[in-house]
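Observations on the model geometry
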Amino acid sequence: MHNRNYKKAIVFGLCLTMLMPLGSMAVTSADSEEDTAAVEDAVEAADEITSGDEDTTGSEDELPEKITDEQAAAMAEKLSENNNFILYGDEKNGRLGLYVKSSGAYWWTSPINVASEDQVVDPEKGMAMKKALRKQIASSCAIKVGDLRQEKRTESAAPIYSNKATAKWTKNDKGAVIEYNYKSDGVKLKVHYELCEDSLYVYMNSSEVEEANTSLVDGKILTKLQLCPYFAAAPAVDYNGNPTSGYMIIPDGSGAVINYNNGKGTYPDYEQQVYGRDYTMVPLQAPRVTEQAYLPVLSTVNGSNGIVAVATDGDANVYARAQVSGQNKQVYNNCYFEFETRSSDAFYMSGVANKLNVFEKGDIKTERFGVHYYPVTSKDGGTVNYADCAEVYRNYLIDEKGLKKQNSLGNKLYMDLYGGVLKRTSILGLPFNLKTEITGFDQAGKIVEALKGKGVNSFNVNYNDWTNASIKGNISTKAKASGTLGGNSAFTDFINTDGVQVYPSMNNFTMDRSSAGYWTLTSTAIRISNAYSRQSSYSLSFGVTKKGVAPALLSPDKYSKTFEEMISSYQDKGIDRVGFGYLSSRLVGDYTKKKTYCRDKTMNVLVDEYKNANSNMGAVLADEANAYILPYVSTVSSIPVSSSGYDITDFDIPFYQMVIHGYVPYASSAINKSSNTDETFMLALASGSQMHYDFTYVDSDVLQDTDYNDLYYTNYKGWTAAAASQYKAAKNVIGGVADYTISKYEVSGDGNVLTTTYSKEGKDDVIVEIDKKNATATVDGKNVNISNCIEGGLK
């Protein structure tokens, strides 16, 4: 101990010596604050240095005794109370606690026993968590800052926790407002903790952020924000020393489960941008192919109680994150949101070897960043089920966003048809891009007739690239059927086919060239680096961008114009169904100086336009759907039935489907696109999904060397029998529960048996069991034959 204090004294003295020359010159108050903060950080660093050599936290007898939730509450002050909850505040320890009256559960913004945890996190040295790490975990807020110095232009490598800031509490009747002052980084912000009737609401207003120096020469700006990163964190062992059991739900793809203490401490922790990446920023290398996170929701469950965290403000710029005990040399299982307050971009400059980073300029554009924490309790006294968590989020969508039950709930075969594409050809020795029929309107009718002949009697068809403009890759807003595909008469005949609901879609996400009203010079989104956003293709071999002029990303400033023109044209033609392509699932910005669109602003534009389309059209189809448009669409296709398979996860669940089943009809991702069609089919059944196929009429060799290259699997002739069989199987298995909600979902220990319980008020529950290993299905214990749906039959 004497040696440890001696080292701290030396480091402290060196820091004071470094600052002494400042005493001979005039010092401003701002400089004085920075110097004081520097000394404080130096003392903290000294503690970390000495603890690294001689960390006594590994010695059990020096750790304080653990306390109970009740003891922690007794140490705190009651800030607010309502019929459901009590909010406690412990200013000394920098934490708040939510007490749930109905269950007796306590949820703390940071762990109450972090100073007492004695589990070994470094097996080689036999040591427990270090003191500095414990202080970080005890923090209820963390930030990252961008260094704007030209020679730096980087973001904090690690979060800066509120233990590095001074905290000033202001209590009110709703809870408290805590001002965190990160002096050494020149950032000050206020976090509001408010007790609501159904949740704890934690948020930060951008207008209350103070940045001491935002100069592009030597400033620092707030770039990331973590609100309560260790809220409801579960330790590896409980108060009594028993291993903690529980799980977390992440929104990756259909959804995935991470079990507490799953032994995956050597894997990277989970991190994923909600609503997908910002396509405005073009990656220098091919991005990793993963499923998308469509819902801004995380859950953590410990026995009969849990928390559902919903990013309700700033969700357009948020990352979902999670870690388990053992990762990052800490003992907690926790999931949380990290908000991006300013976007960033990277690029290479000629003559410079390293990539350059640039941050979004000006003030923070998103007004508020906030999370609602909803407690959830088991209905039967057992463990909280995944569907219980989904119900909490569904109720949020109903109560706060206006989600309503759709009337078109029923059994349908979903199809994506692809009309036409440009194909390179030679005429009299001269190269031309020729509009080529891939699935004409009469041919689409033949596909439908072939399926009807095999027993399919109800269809939802998403018809892509059916106008000349869309075939050529231009912005398409006029509902004029392409003559290459058969013209207006053939188109009208097809969309009026009995039993077929056709959604003629226009995907105005990018444009290959200028057209009337949409010029690449003025209608292309601008990157933060001030370059035009061109959506590059990447080499499959090396992952680098291909040469040539890539399609231009349409600016969000033009979205309203495209929606208005489309709806007006559709109405003039008597078309009452519509789809808007990628705009339902891809969220972008436009960082031009004249009229900036951050992702939050773009999201609000899309919400308004989908709401308007929902009011003025008969039905709206979403090909994949982010959460913010779910209340305004009639049906959703291409919902994944699995996750990306991150190493940290344990198994997949259909969480997305649990949220919307019984409210919005939906279909799986295209089964014939999957590398394992049998498993995709059975997962679709287990998730209550309708069957979905991608079809083209022509042979696959016609697609070669076109933008349809990746649709090589879609020729309808090889899939009609499977599609019809699976449609009929789905009708027998889940046809009777279309308007039921999913009330329970269970996965067997080996992951092969999936049991889904459907419920409806006034009706008996319906239990569907899918056995993937044996390829069987039962409904309320009765076998339903699905053997003819399995490739090659049952083995």
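Look up a bit, the structure's there.
Below, the structure is looked at part by part. Please read these numbers as outputs of a predicted model, since none were measured by experiment. (Residues numbered from 1 in each chain as written. Predicted model: local features only at pLDDT ≥ 70, side-chain atom pairs only at ≥ 80, totals over all residues. Heavy atoms only, no water.)

Concerning the overall build of the chain
The secondary structure content of the chain amounts to 14 helices and 42 strands. A compact globule built from 795 residues would reach a C-alpha radius of gyration of about 28 Å, and the chain, at 29 Å, matches this within 12%. Projecting the C-alpha coordinates of the chain onto the three principal axes gives extents of approximately 90 × 65 × 50 Å. Counting across all 795 residues of the chain, residues that qualify as buried make up 56%. Pairs at least 24 residues apart make up 67% of the contacts formed inside the chain by residues separated by at least 6 positions. Here the chain has roughly 33800 Å² of accessible surface; of this, 47% comes from carbon and sulfur atoms. (Helix = DSSP H or I, 4+ residues; strand = E, 2+ residues; numbered from the N terminus. Rg over C-alpha atoms; globule rule 2.2 N^0.38 Å. Buried < 20%, exposed > 50% of the residue type's maximum accessible area, 1.4 Å probe, protein only. Contact = heavy atoms within 4.5 Å. Areas by Shrake-Rupley, 256 points an atom, 1.4 Å probe, with all protein chains shown as cover.)

Looking at the sheet that holds strand β38 (residues 741-747)
Ordered by their spatial adjacency, five strands build an open sheet running β38-β39-β40-β41-β42, and the pairing between neighbours is antiparallel. In this open sheet, the two edge strands, each paired with only one partner strand, are β38 and β42 (782-784). Across this sheet, the average inter-strand angle for adjacent strands is 20°, counted without regard to direction. Examined bridge by bridge, strand β39 (residues 753-759) and strand β40 (residues 766-771) share six bridges and lie antiparallel to one another. When the bridges of β40 are listed, Y758 appears paired with V766. Running over the sheet, helix α13 (residues 677-686) touches β38, β39 and β40 and is turned about 30° from β39. (Pairing = 2+ DSSP bridges. Axes fitted to C-alpha atoms, helices over the stretch in contact; angles between N-to-C directions.)

Let's talk about the side chain of D122
Position of D122 among the secondary structure elements: in the loop between β4 (106-108) and α4 (131-137). With residues near it in sequence (within four places) discarded, D122 still touches M127 and K329.

Considerations on the sheet that holds strand β33 (residues 619-623)
Taken together, four strands build an open sheet; the order of strands is β32-β33-β34-β36 and the sheet is parallel. The open sheet has two edge strands, β32 (577-579) and β36 (666-668), and neither has a second partner. Neighbouring strand axes in the sheet, compared pairwise and without regard to direction, differ in orientation by 15° on average. Of the strand pairs in this sheet, strand β34 (residues 635-639) and β36 are connected by two bridges, and their pairing is parallel. Among the inter-strand pairings, I639 is bridged to a residue of β36, identified as S668.

Description of the state of the cysteines
Considering all chains together, one arrives at zero disulfides under this definition. Residue C196 stays outside any disulfide, its sulfur separated by 13 Å from that of C228, the closest cysteine. Given a relative accessible area of 19%, C196 falls into the buried group. (Disulfide = S-S within 2.5 Å.)

Topic: the pattern of salt bridges
Considering all chains together, one arrives at 27 salt bridges under this definition. With its nearest N and O atoms 3.4 Å apart, the salt bridge here joins K66 to E117. With K66 in the loop between α2 (29-53) and α3 (69-75) and E117 in the loop between β4 and α4, the pair connects residues that are 51 residues apart, well separated along the chain. Using a relative accessible area of 3% as the deciding quantity, one classes E117 as buried. Taking the shortest distance from any N to any O, the salt bridge between K144 and E338 comes out at 3.8 Å. Within this pair, whereas K144 is found in strand β5 (residues 141-147), its partner E338 is found in strand β21 (residues 332-340), the two being separated by 194 residues in sequence. Given a relative accessible area of 11%, K144 falls into the buried group. Where salt bridges share partners, they join K144, D269, E271, R321 and E338 into one cluster. (Salt bridge = Lys/Arg side-chain N within 4 Å of Asp/Glu carboxyl O.)

Overview of helix α5 (residues 386-401)
Taking 1.5 Å of rise per residue, 16 residues should cover 22 Å, and α5 covers 22 Å from first to last C-alpha, within 8% of that figure. Within α5 the residues assigned to the buried category are Y386, A387, D388, C389, A390, V392, Y393, R394, Y396 and L397. N-cap assignment for α5: the residue whose side-chain oxygen lies 3.0 Å from the backbone N of A387 is N385. Note on α5: the residue one or two positions beyond its end, G402, has a positive phi of about 85°. (Expected span 1.5 Å × (residues − 1). Polar contact = N/O pair within 3.5 Å; in protein donor to acceptor, adjacent residues only side chain to side chain.)

Regarding a nonpolar patch on the surface
Side chains of I427, L428, L430, F432 and L434 sit close together on the surface and give an oily, nonpolar patch of about 530 Å² of accessible area. Tallying contributions element by element places strand β27 (residues 430-437) first for the nonpolar patch, with three residues. (Patch = residues over 30% accessible without salt bridge, like charges linked within 9 Å, V, L, I, M, F, W, Y side chains within 5 Å.)

Some words on a negative patch on the surface
A cluster of acidic residues, E197, D198, D399 and E400, forms a negative patch at the surface. Inspection of the secondary structure assignment puts D198 in the loop between β10 (187-195) and β11 (200-205). (Lys, Arg positive; Asp, Glu negative; His and termini not counted. Charge placed at Lys NZ, Arg CZ, Asp CG, Glu CD.)

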